[in-house]
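# Report on the structure
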Amino acid sequence: MSLSIFATTTDELIAQAHTKHLSDTRYWHLLMHSPHRESEIDDPAFFVATNGKNDLSSELDATIQHFSQDLNQSDGSVFCRFPARRVWLEKELNTSFGEGECTEYKALLTKLDPQKVTLVFPSAHINSPASMFGHTFLRIDSSMESKLMSYAINYAAYTEDTNGLLFAYKGLFGGYYGFYSMLPYYEKLKEYRDSESRDVWEYDLNLTHDEVMAMVRHIWELQHINSWYYFFDENCSYHMLWLTEIARPSVRLRDHFLYYVIPPETVRAFEEEGLVADKHFRPSKRTKLLAYERQLSPRGIDAVRSLTNGKTATNDFNRSTLSNQEHRFALEASAELVEYNYIEGKMSKEVYAERYHGLLMQRAALGAGQELPLPNKSNPDTAHHAARVEIAQGWFENRSPVLIGWRPAFHDLGEDDTGHLSGAQIEFLDTLIGMDRDKVSLEKLTVLSLASVSPVSHFFKPFSWRMKSGWDRDYGDDQLSFVTRVGAGAAIGDDRVFGYLLSEPEVRLGFNADIGIGFSAGAGLNWGNRMKSCIEAGHIVYLDGADRSKIMISHLWEYNAWGALSLNYEATNQYRHEDRYKVGVNLYF
């Protein structure tokens, strides 16, 4: 008789769910990570029904059946594994499936003490292929005052590959599984801010406590669950959108994206949906040390080097040549640099501990002083949009084409750096078409272009580099050829004014096959008010063809995140001299 009553109740609940068309509702699709009719979750463990991934109605029926009939409501049961589904169904069906004995889930809630949620954006790490666009993850804030003890919710591809080409191929076409993970926030800060020298922005979200709990319940459901990871769309940022929409179904974060999801654009989507309550900036160690450089005199710089390298013992440090404040800054900078060198593996743990402790002791003895002035870095949400359409008029030696360009992503050295990593360039499929009378021609198609112009300083000696692979008309008599160029060198300056010198070998294939070795020298100036000017001169010596010299001058003014005016001049000299002028607009979206 008892089983009969259970069966009748279950049938009634399933019938009620069908009457209300619950399997077609937005929230059930959110819980299933299903934009349309099929779930994007690829792990069978996420589904109760055998065909649950492709049949959301069957998955709903099977879920109700387990909640209603299973006698086991302890850890590992469907009842305990899917609290988000259970709470939603209890509300929609006006029923209760019981209390259960979910000790592991309750332990998680005790550990997290979820109160608020923060979106975290570590800036781009240009030397890491997986992090060229930056990264986003969520932080579950507890009632503790220190946010360092909160927990970070991250989604990332699991890989042990070290081959860059293999990583890129698998990342683009779904060769890796992606997993959610949960770690103390201080560990993620150590990874991004300290180890990788990436500035971190925090965006406090205005979610209510009930919305936070809805998110946490679903995070529990995703533990140890995998999905195929795709670099351009189903990536780290994309999965944070699902979690936030489950917390607040009224927002439509995923609707902001068509064919790719880039971390800085997700930050902007949170802003546009009215989710951001407050913003905070955590500078990287590199940013802080560069700020100390600007405050220290040459004698102060020498003192930092001596203290860091152990050439001057902390107790023997002669402060007589420094002011009290510069003495404080020198000790603070030395402690930061010692810790940085230890993270970089340049110092043993024993030496680090002794030297770091001594520096902090000396600094504490000096008492409070002036706070370190940090640069006013612009938030990623203020940057221009990632995709660009270019419309310009060109005046070349023998033709005057109307130029139409399209770039899916993301940023080049000639564009304003507001909201971007200064000196970084990342471009995919940058295409330019020329139309002159009845003739349509491909002017260029850049498959991939990367650059990192990182100025050397007193404390850092990075090398600068750039690469390009694609078709252009730079060689010979205005003919299209495929070029691959990789260069390396050094740069000086800062985020406002910089100069660089690069050695750049290149290989050309196709109509103008040749090999060359060249040098390029350039400079950039950020004027402020979203204006930037660049100049570059280069010379290449080819194996078969004549030498080529080139000079380029550009000026760009972004009047907002959606558009910019650009002026460009190029002069080349190989088999003959040619001047090229271009005036146009960039439309970002």
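Structural notes, computed from the coordinates. This structure is a prediction, so every number in the text was calculated from the model and none was measured. (Residues numbered from 1 in each chain as written. Predicted model: local features only at pLDDT ≥ 70, side-chain atom pairs only at ≥ 80, totals over all residues. Heavy atoms only, no water.)

## Focus: the overall build of the protein
Within the protein one finds 15 helices and 20 strands. In terms of its C-alpha atoms, the protein occupies a principal-axis envelope of roughly 95 × 80 × 40 Å. For the protein, the residues scored as buried account for 52% of the 589 residues in total. Intrachain contacts of the protein at a sequence separation of at least 6 include 62% that bridge at least 24 residues. In the structure as shown, the protein presents an accessible area of about 27300 Å², 56% of it carried by carbon and sulfur atoms. Side chains of the protein give 59 positive and 80 negative charges; the mean places of these two sets differ by 5 Å. (Helix = DSSP H or I, 4+ residues; strand = E, 2+ residues; numbered from the N terminus. Buried < 20%, exposed > 50% of the residue type's maximum accessible area, 1.4 Å probe, protein only. Contact = heavy atoms within 4.5 Å. Areas by Shrake-Rupley, 256 points an atom, 1.4 Å probe, with all protein chains shown as cover. Lys, Arg positive; Asp, Glu negative; His and termini not counted. Charge placed at Lys NZ, Arg CZ, Asp CG, Glu CD.)

## Overview of the sheet that holds strand 6 (residues 226-229)
Spatially, 6-4-3-2-1-5-7 is the arrangement adopted by the seven strands of the open sheet, whose pairing is antiparallel. The outermost strands of the open sheet, each flanked by one partner alone, are strand 6 and strand 7 (276-282). When strand polarity is set aside, the average angle formed by the axes of neighbouring strands in this sheet is 30°. As judged from the seven bridges shared by strand 3 (residues 151-157) and strand 4 (residues 176-184), these two strands associate in the antiparallel manner. Pairing of Tyr151 across the sheet is with Pro184, part of strand 4. Most of the contacts of helix 11 (residues 263-272) go to strand 1 (residues 116-122), to which it runs at about 145°, and overall it touches strand 1, strand 5 (200-205) and strand 7. (Pairing = 2+ DSSP bridges. Axes fitted to C-alpha atoms, helices over the stretch in contact; angles between N-to-C directions.)

## Considerations on the packing of aromatic side chains
Applying the stated criterion across every chain, the model contains 27 aromatic pairs. Note on Trp201 and Phe281: the rings are 4.9 Å apart at their centroids and 40° apart in plane angle, and the pair reads as tilted. With Trp201 in strand 5 and Phe281 in strand 7, this residue pair connects regions lying 80 residues apart in the sequence. Taken together, the ring pairs in this structure connect Phe133, Phe231, Phe410 and Phe428 into an aromatic cluster. Over the face of the ring belonging to Trp242 we find Arg254, whose NZ or CZ atom lies 3.8 Å from the ring centre. Its guanidinium or amino end placed over the ring of Phe460, Arg286 lies 5.4 Å from that ring's centre, counting from NZ or CZ. (Phe/Tyr/Trp six-rings, centres within 6.5 Å; stacked < 30°, edge-to-face > 60°. Lys NZ or Arg CZ within 6 Å of the ring centre and 35° of its normal.)

## Here we look at the state of the cysteines
Enumeration over the complete set of coordinates arrives at one disulfide. Disulfide pairing places Cys80 opposite Cys102 at an S-S distance of 2.0 Å. Between Cys80 and Cys102, the S-S torsion sits near -85°, and that sign places the bridge as left-handed. Within this pair, whereas Cys80 is found in helix 4 (residues 78-81), its partner Cys102 is found in the loop between helix 5 (83-93) and helix 6 (103-112), the two being separated by 22 residues in sequence. Classification of Cys80 as buried rests on a relative accessible area of 3%. (Disulfide = S-S within 2.5 Å.)

## Observations regarding the packing of helix 10 (residues 236-247) against helix 11
At their nearest, the axes of helix 10 and helix 11 sit 9 Å apart, and the two run at 20° to each other. Here helix 11 runs roughly parallel to helix 10, going by the angle between their axes. The interaxial crossing formed by helix 10 with helix 11 has right-handed handedness. Contacts between helix 10 and helix 11 involve Cys236, Ser237, Met240, Leu241 and Thr244 from the former and Pro263, Thr266 and Phe270 from the latter. (Parallel < 35°, antiparallel > 145°, perpendicular 65-115°, else oblique. Left-handed = near helix turned anticlockwise from the far one by under 90°.)

## Considerations on helix 11
In terms of residue burial, helix 11 counts as a mostly covered element, since eight of its 10 residues are buried. Where helix 11 is concerned, the buried positions are Pro263, Pro264, Glu265, Thr266, Val267, Arg268, Ala269 and Phe270. The first or second residue beyond helix 11 is Gly274, which carries a positive phi of 70°.

## Some thoughts on unusual backbone geometry
The omega torsion of the bond from Ala409 to Phe410 falls at 25°, within 30 degrees of zero and hence cis. Inspection of the secondary structure assignment puts Phe410 in strand 10 (residues 409-411). Residue Asn94 is not a glycine yet carries a positive backbone phi of 50°. Taking relative accessible area as the criterion, Asn94 reaches 70% and is therefore assigned exposed.

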